[in-house]
Each structure stands twice: as structure tokens, then as C-alpha cells.
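One-letter residues, chain by chain:
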Amino acid sequence: MEGKYCGPRKKRGWRGLAAAAYVLLAVACSAVMHRHLRRESLDRAEERLVSMCEERARMLQEQFGVTVNHVHALAILISTFHYEKFPSAIDQETFAKYTGRTSFERPLLNGVAYAHRVFHHEREMFESQQGWIMNTMKRELAPPQIEYAPVIFSQDTVSYLARIDMMSGEEDRENILRARTTGKAVLTNPFRLLGSNHLGVVLTFAVYRPDLPADASVEQRVEATIGYLGGAFDVESLVENLLSKLAGNQDIVVNVYDVTNASEAMVLYGPPSLEDQVPLLHVSMLDFGDPFRKHEMRCRYREKPPMPWSAITNPLGTFVIWMLVGYIICAAWSRYDKVSEDCRKMEELKTQAEAADVAKSQFLATVSHEIRTPMNGVLGMLDMLLGTDLTMTQKDYAQTAQMCGRALITLINDVLDRAKIEAGKLELEAVPFDLRSLMDDVISLFSSKSREKCIELAVFVCDDVPKVVLGDPWRFRQILTNLVGNAVKFTERGHVFVRVSLAENSNVEANQVIHGNMNGKDGKVESTTNGAFNTLSGFEAADRRNNWQYFKLLLSDKESLLDDLDGENSDQNDSDRVTLAISIEDTGVGIPLQAQDRVFTPFMQADSSTSRNYGGTGIGLSISKCLAELMGGQISFTSRPFVGSTFTFSATLKRSYKDTSADSNRSLAETLPDAFKGMKAILVDGRPVRSAVTRYHLKRLGIIVQVVNNMSAGLKAFSGQNGATISREKATMLFIERDFWRPETDVHLLNRLRGQKNGQLSDAPKVVLLVTSEADKDKYGSIFDIVMCKPLRASTIASCIQQLLKVEMPERKENQNRPSFLRSLLVGKNILVVDDNKVNLRVAAAALKKYGAKVHCVESGKDAVSLLQPPHSFDACFMDVQMPEMDGFEATRKIREMEMKANEERKNKLALIEGSTFVECHLPVLAMTADVIQATYEECIKSGMNGYVSKPFDEEQLYQAVSRLVVGTTDSAV
């Protein structure tokens, strides 16, 4: 037992010692850092002290030198205007006035005085000339001596020096003798100045004869001396004035010393002693020009430099970091086993998550199948019911039930699409399609709703957009259907306008509108004189770009394109990729500001009342955003409450140089007749944007259009009075917008127009009224030749004009009529339908028999395998995926194995017969499944199926599946 715990105890002991050593190391490192930072702080403080002290010493010397230069100049003045001048140009009064008025040049001198050099043999004559007797410093009669230096001129501030012999004082005598031998200013010991009681020194300067050479010897200078100029120098005022002008004066203490006698330094300025506790002190030598006296400036900090916070925080932070690193190491060391256990658990969780993802896909497949299977029966039976003789009430009930069923299927598709997008399993097709035809188809889906609400619904595709593009038309249509459906749903007045342009052109032109002066100074949408806005319907739009000014940029330099190019000129572009910008503008209720940030969130509505008032699940915009991103684009919107919304999305497609009308199998193009090419028409519409849209649709038919604002202008256009080019040709049609039809005046103008034409023995023009409501057809049907209800599409216009002008139209090809084409493909074909659900069997059989096929039904995969043993007489097989005993995947694999074995045997037999041709046996197998996720499609292909039809399938799906597969196998009958 003791040995059992010996190991852990020893391990804990070593860990404790290591931790203690680590802490001691951290403390030592922090202490070293603190000492280093403290030393650096003191070094920086010392450098700053040296800099400030040297600067003050330099400036003190400079100011002292300036004062000495002024005294020197005064000595030259005396030498020039007093020496040997009889009478002298300078007297006491003149000297006093001059020195008093120029005292600003010597602010540090209390006053100046001039003492004349007088020898003993000249004393009697000098005193008689001056009229007074020389005195000593003690105001006594000057005793006899070799020479004297009596003050004869003095500034008023030192007038007490008059008549005093400066040679009578011992220190003054020494200064005078030193000054005349050196030729420099000489200073005395410090003393208290009279008046200010400041410490000061006396400055003595010798005055020489003017003829003294610059390199004179000592004897020559002594012999040429004529007097002495002196002044009291206020050292305290000098230093105080200097320090007051410099920054940092409050931080340091300055002392000025006379250190001529090094053992007894005399203080000239500052406190008498330094504090011993201040470690930093700097001494700067001062040179006042006197070689016999020495001065210095001592600077120290007023207070001890504080310890910087960095010297505390940095070591403390370092210690904390050391501790944190140690804690991390210790934690990593002690929790190694726990991390290993966590890794093992993460692996298990990963496996569980992958299994959950698989389960999710299986759940979606099961739910999709279980919901779609009964819905297939419901919709199929309703379709069969509608094909029987029903009363109007019964037919209305059946149609309502069918509409609700399709709405449920749409919701299921949206939920599954969202699931496929989240799983990353949604793939896009790449087929050529006619973009303009697709846009017309989408608009037509909402034509009845727009007519009920009497709103404008229109589409416009710019000329530079390619006619045929390569992409996924069904997903593209899904985005448009969602956005246009929402726009129509939330719009009660005004318009819904869909515009398609190239993204690069859209961005450039939008920037020109936004940054230019095209919409007025305030940047709002331009309005007309009657208060309406220059938009499609005259109502204000949320996005200011979709107005007439923007349209002028989209239409500029494009009207001259030849009509027969029909957008194909852009196919000559070197780039195969083209990015389209599609905007859907409405003038509906708009989106509240607080809800705009969650517009693209799945299953979210603008507010709680939205779903109650308008219906919907809130998933359409989320799917549209994901699809746009899959197409290499993005989606955005601009919305203003009670004004409207504009949704804009982009999609990157490829240019297609293939004519889709030539592909009979998967044609998505709408062939327009060319019988109207070259016809002339006049359009009466005062709204530029709407007239451009109408002109776009007529131009696709080859009709040349002239736009006028009112009926009067239209009448002039027909009579040729306005000089328009179109008036030189015969205009056969007149299109009038309902908004610009004025019955009280325009009926008379219309009758005049018809009368003029009849008078000229020519056919009267056909008049077409464009309206937004079905009710206007009955109201104006008797006035106009035809009333055309919007939204406009080229094929509808062509049909109306053909009926109106009695134009002969070429017959369409049979394969453009899908029911006839399907019948031609399926009539007489033997088709096997496999499904365990009897209702689905009846629905599928009825749908195929409708087109003339011979249908045989079985309820299990095993029965299908038995019937399809080669050789057999079936041309195709529609097989359910999920069935008991043997599902559709396994049944298809067995069918392919039987075909492979049969083909191998036939190939070996035919190899022995010369001239025989081997045709491979391959039965087209189409999956009938309610599970439309990508995983199921991949499983279908993997098991050998040729494709699938999702339940419930309609004519479109049946057409796509049969045209893709059955046509390709008609030549390879078994």
C-alpha cells in the first residue's frame, strides 16, 4: 500500500519543487526588469537635466556678453568724444541723460560710472578744473598716491559715486589694475547691491586712447589707459529673468556660484545649499570673460524624479505572464489525459453528426415521398375528374381543390429546396434558353392577378442583353416567380416593373444618375408638371434609378440597332460570361424599417400580420437569395414604407450561340412571327417609361413605333403634319393607353382620323386600346377595333394583330405543340408502369394513355423484373423508387444485369454470322419518385436509371422526360 502511493507523492513533490523554482525565476526576472527600467528612467532624467542646465548656462553667458558689449561701446564713446577734447563733448549732464535713455540696452546693470585716470602731479589742476576735491570710499579726503581714479561721470542711479576715488578701495584698485592690463571686463566678489539688495558684482572696463593698436602689449595698454568704466551687475535679476523665459523652470533648482576660491564658493543666485537626498546634480561652467574669476551653474531637480509606472507595471505584467505561462504548462501537463479523452469523445460526436446528417437526408426523402405519394393521387384524380363532363359548380370545386393541392406541392418543394441548399446538394443545370421568352412566361403567370388589381405589370429587357443564354432556366424562373409574386401580392395600386440589363451597364448608369444632376438638386425621383412621377405608372418608386432619366441612359445609342439582330449583336463579345442585373420594382406597401434586416431569414415575415393579410411562409426570399448566390450573383433591395420596394438580383450566365428553337427536345424559346416586320404604328402615351416598354414589345415583332403624347399629336402624325419620318409611310395601327384617352375630346379626333382615311380611299388605321383591367374590355369594346389587356407579351400582341389585320401566319411546327408532340412520341408505345400504390398506378396509366400509349401496370419490383426478361416488347419503364420486397433501385440493377448478359450472348452469336449488325438492348427506365433531393437523383443514376419524374408529374415533366429519352431510343427497339 505504501509503494502504491510512493510514486504519486514523489511526482507531486517534484512538481512542487519545479513550481517553486519557476516562481523564483519569475520574481528574479521581474526584479531585474524593474532595476533596468528604473535605471533607464534615471538616465533619461539626467539627460533632461543636463540639457536644461547647459541651455540655461549658454543663455546666461550670451546675455552677460551682450551687456559687456554695450559697456564696451560706451567706453569707445567716451574715448572718442571726451579724450583730449577741449572743451569735452561730454559732461555730467550729457552722460547722465545718455546713459539713462540707453539703460534698456543694459537691463542687468543698476548704473554705470566713468572714473578718469589722474596722476598725482595732475591732481591739483584736475580738482581746480572740476571744482571739487576727491574723496575716498569712506567720504574722506583722498590721501596722496601715485594715481587716482575719481568718478567724473555717473548715471543718475549711481550718482552717489561722484567725486569718489575708485583707487581708494582695495578690491576696486585690484580690479582697475587687472582691467587695464588685460583689456577685458573684470568682476569683483559678490556683494549686496544698494536699492534692490540683490547679490551682484561690479564690472570694470578700461577706457583706452583711440590710437591703441589691436595687438598692444601690457605696457602699451597701461600707458594708453585714460580712465575706467564700471557698473553694478545684478546677477540675481539676470538669472531670474532668464529662467522665467524657459520651460521646465518649475522642475529644477538653479544655483550660480563664484568658485574663484574653490574652498569657499560664494552663492550668486539660488538657495545657499543643496539637499543631499537628491541624487542628480549637474554643473555647467560659466565664462563671463574675466580670466581671474571662475563661475559655475549647478542644476538639480526640485524633487526626486518619480518612479515611472512602466517600471512597476512592466515587471508586474512580466511576472503575471510568467505565471500564466506556468499555469498553461501546468494545466497542459496535468490535463493531458483529459484532452485525450475529449478527443476520443469528439471523434464519437463526429461520427454521430455524420450519421445524423445521413438520417436527415433519409428523413427528408421519406417525408417527401410520404407526402408527395398521396398528393400525386389527389392531383392525378382531380386532373382525371376535370377531363369528364362536370357541371359548372362541380368544375369550380375540382379546380379549387386542384389549386390548393398545387399550392401545397409548391410549399413542399420550397422546404425541400431549402434543405438541399443547406446540405450543399443543390446543383444547377446548364441549358440554352431564350431569356426574353422566359421573362414573358413569368409575367403571364401573374396576369390575372394584376388585372384584378388594375395595376401595371410589365417587363423590359435591354437590347444589349443576349437573346439566348446558357444556364438553369428553371431556377432562374424560380427566383423571378418568387420576387414577382411577392411584388404583385403586396401591391394594390401603381405598378410592378421587371427590368433586365447587363450588370456593368446598370452599375455605370446608376452611378451617373446618383452622382449627376439628373434627378434634380434634391436627388428625388423626377416628377412631371401634374405631380405624377416619371415611372411606369406615375406612382413614386422606392429606388429612384427606375425612372425615365435612368431609362434614357439604358436606351441611349441602342435605338439605332437593326431590328433583325434582336439582341444577338451582343453575342459577338469576346467574353462568354455575362452578368445580368434584374430588378423587380413595385409600388406596394413596402417593408417596415425594423423588419428589413430579417427579410432573407427563412420562415420570417415582416410582421405578425403579414401572413394573415397576404399569406405565405416567408421562405421564398431565402431560397431566392441562395439561388442567386449559386448563380454567381447576389440579391439586395431598397424599400420605403408606403412607397414600395425594389428587389435587385444578379446572375452570371454564359452566352449561347445555339438557336434554342432548333432543339426540338428541350426548346425553351418562343418563336415569334416575322409577318409584321416593317409595319408602322403610332403609340399615344405620355409616360416615357411605359411607352418604352410598349415599344420594346412591338419592336420584337419588327414593328416601327412612333410615340406621341396625346391624340392631337397622333392625328398630326397620321396626316404627316409633324414632319416625322414614320408619317411618310403608311401607319396601319394606332395604340392608345387608357390613361391618355379622353372620351369627351378624343372620340371626335378618332372619328376625324377614320374619316380622313376613308376620304383618301385608303383603309382606316386599326385602333387598339391598352388597358389594365378586364372590365375595360366591355366598356370600350364598341369604340375601338380591339381592347388589349395587359400585361403585354410579344406573342399575345402578335395574335391580336394577326386577328385584327387578317395577316396570314405560317403554321407552327408540330413539335412546338407539346400535347401533339407527346402523342406522336407515345402513341402505340408499350410502357410498363411499376408502383406499389394502386392510386398512383391509375394516375400514371391515365396520364400515359392520354397520349396514346399502351400501358401495362404491376405492383412490385419482382413482377417488373419477371416481365422485363429479354426478350420483351416494352419500349420504356416508369418505376417507383420505394416499394416493399424489392425497391426500384434494386429492380433496375437486376434489369441492367439481365440486359448486359443478353447483349453479351447476342453479340457472341452475331459474331459468327458475317454481315450482321449488333444493336444493343437498352430499355429506358425512368424513376417515379416523390423524393426529389440530390441524393436520390444520384442513386437513380448509379443504379442504372436514365432519369426521373417527380410525383405528381404534369405535362411539362412528362414532355421533358419523354423528349429527352424516348426520342433517343426509338431507333434501338428491342
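Quick look at the structure, then. It should be emphasised that the depicted structure is a prediction, and the values quoted were computed from it without experimental measurement.

**Observations regarding helix H21 (residues 794–805)**
With 12 residues, H21 should cover 16 Å at 1.5 Å per step; its first-to-last C-alpha distance of 16 Å lies within 8% of that length. Taken residue by residue, H21 has Ala-794, Ile-797, Ala-798, Cys-800, Ile-801 and Leu-804 as its buried positions. Buried residues of H21, seen end-on, are gathered within an arc of 165 degrees and therefore sit on one face of the element. Next to the buried residues of H21 lie helix H10 (435–445), helix H17 (688–700), strand E22 (733–737), strand E23 (766–771) and strand E24 (786–789). Of the residues trailing H21, Lys-806 is marked for its positive phi of about 55 degrees.

**A closer look at the state of the cysteines**
Per the counting criterion, the structure on display carries 1 disulfide. No disulfide involves Cys-454; its nearest neighbouring cysteine sulfur is the one of Cys-789, lying 8.3 Å away. Judged by its relative accessible area of 41%, Cys-454 is partly exposed.

**Thoughts on the packing of H10 against helix H12 (residues 473–489)**
Contact geometry for H10 and H12: axes closest at 10 Å, N-to-C directions at 40 degrees. Of the possible angle classes, the one that applies to H10 and H12 is oblique. Here H10 runs over H12; the crossing is right-handed. On the side of H10, the interface is formed by Leu-435, Leu-438, Met-439, Asp-441, Val-442 and Leu-445, while H12 contributes Pro-473, Phe-476, Arg-477, Leu-480, Thr-481 and Val-484. Taken together, the residues that form the contact of H10 with H12 break down as 9 nonpolar, 1 polar and 2 charged.

**Some words on empty space enclosed by the protein**
What the rule picks out here adds up to 3 cavities of 30 Å³ or more. By volume, the second largest cavity is sized at about 60 Å³. Forming the boundary of the second largest cavity are Glu-456, Leu-457, Ala-458, Leu-536, Arg-690, Val-693, Thr-694, His-697, Glu-737, Lys-790, Pro-791 and Leu-792. Taken together, the elements giving at least two residues each to the lining of the second largest cavity come down to strand E14 (456–461) and H17. The element best represented in the lining of the second largest cavity is H17, accounting for 4 residues.

**Examining unusual backbone geometry**
Of note, the bond from Lys-790 into Pro-791 is cis; its omega dihedral lies within 30 degrees of zero at 10 degrees. Within the secondary structure layout, Pro-791 lies in the loop between E24 and H21. Look at the link from Pro-870 to Pro-871: it is a cis peptide, with omega at -5 degrees. Inspection of the secondary structure assignment puts Pro-871 in the loop between helix H24 (861–867) and strand E27 (876–880). Located in the positive-phi region is Cys-454, a residue other than glycine, with phi close to 60 degrees. Despite not being glycine, Phe-642 shows a phi value in the positive range, around 65 degrees. Summarising the element assignment, Phe-642 is placed in the loop between strand E18 (635–640) and strand E19 (644–655). Overall, Phe-642 belongs to the exposed group, its relative accessible area being 71%.

About the cut-offs
Within each chain, residue numbers correspond to sequence positions counted from 1 in written order. Only residues with pLDDT of 70 or above have their local features reported here, since the model is predicted, and side-chain atom pairs are shown and tallied only from 80 upward, although totals for entire chains, interfaces and linings are computed over all residues. The basis for every side-chain value is the complete set of non-hydrogen atoms in the structure, without hydrogens or water. To qualify as a helix, a DSSP run of H or I must reach at least 4 residues; to qualify as a strand, a run of E must reach at least 2; elements of each kind are numbered from the N terminus. Each helix should span, by expectation, one fewer than its residue count multiplied by 1.5 Å. Only protein chains enter the area calculation, which uses a 1.4 Å probe; residues under 20% of their type maximum are buried, those over 50% are exposed, and those in between are partly exposed. Directions are taken from the helix axis to each C-beta atom, and the arc is the one they span. Contacts are assigned to residue pairs that have any heavy atoms within 4.5 Å of one another. Throughout, a disulfide means two cysteine sulfur atoms within 2.5 Å of one another. Angles shown run from 0 to 180 degrees and are taken between the N-to-C directions of axes, each axis being a line fitted to C-alpha atoms and, for helices, limited to the stretch in contact. For classification, angles of less than 35 degrees are called roughly parallel, those exceeding 145 degrees roughly antiparallel, those between 65 and 115 degrees roughly perpendicular, and all remaining angles oblique. Note on convention: near helix rotated counterclockwise from far helix by under a right angle means a left-handed crossing. Clockwise means right-handed. Residue polarity follows a fixed list, in which Ala, Val, Leu, Ile, Met, Phe, Trp, Tyr, Cys and Pro are nonpolar, Asp, Glu, Lys and Arg are charged, and the others, Gly among them, are polar. With a 1 Å grid laid over protein atoms only, a set of points is called a cavity when a 1.4 Å probe fits there but cannot get out and a pocket when it is open yet has protein on both sides within 12 Å along at least five of seven lines; lining residues have an atom within 4 Å of a point. Grid points are joined across faces, edges and corners, and a volume is the space filled by probe spheres set on the points.

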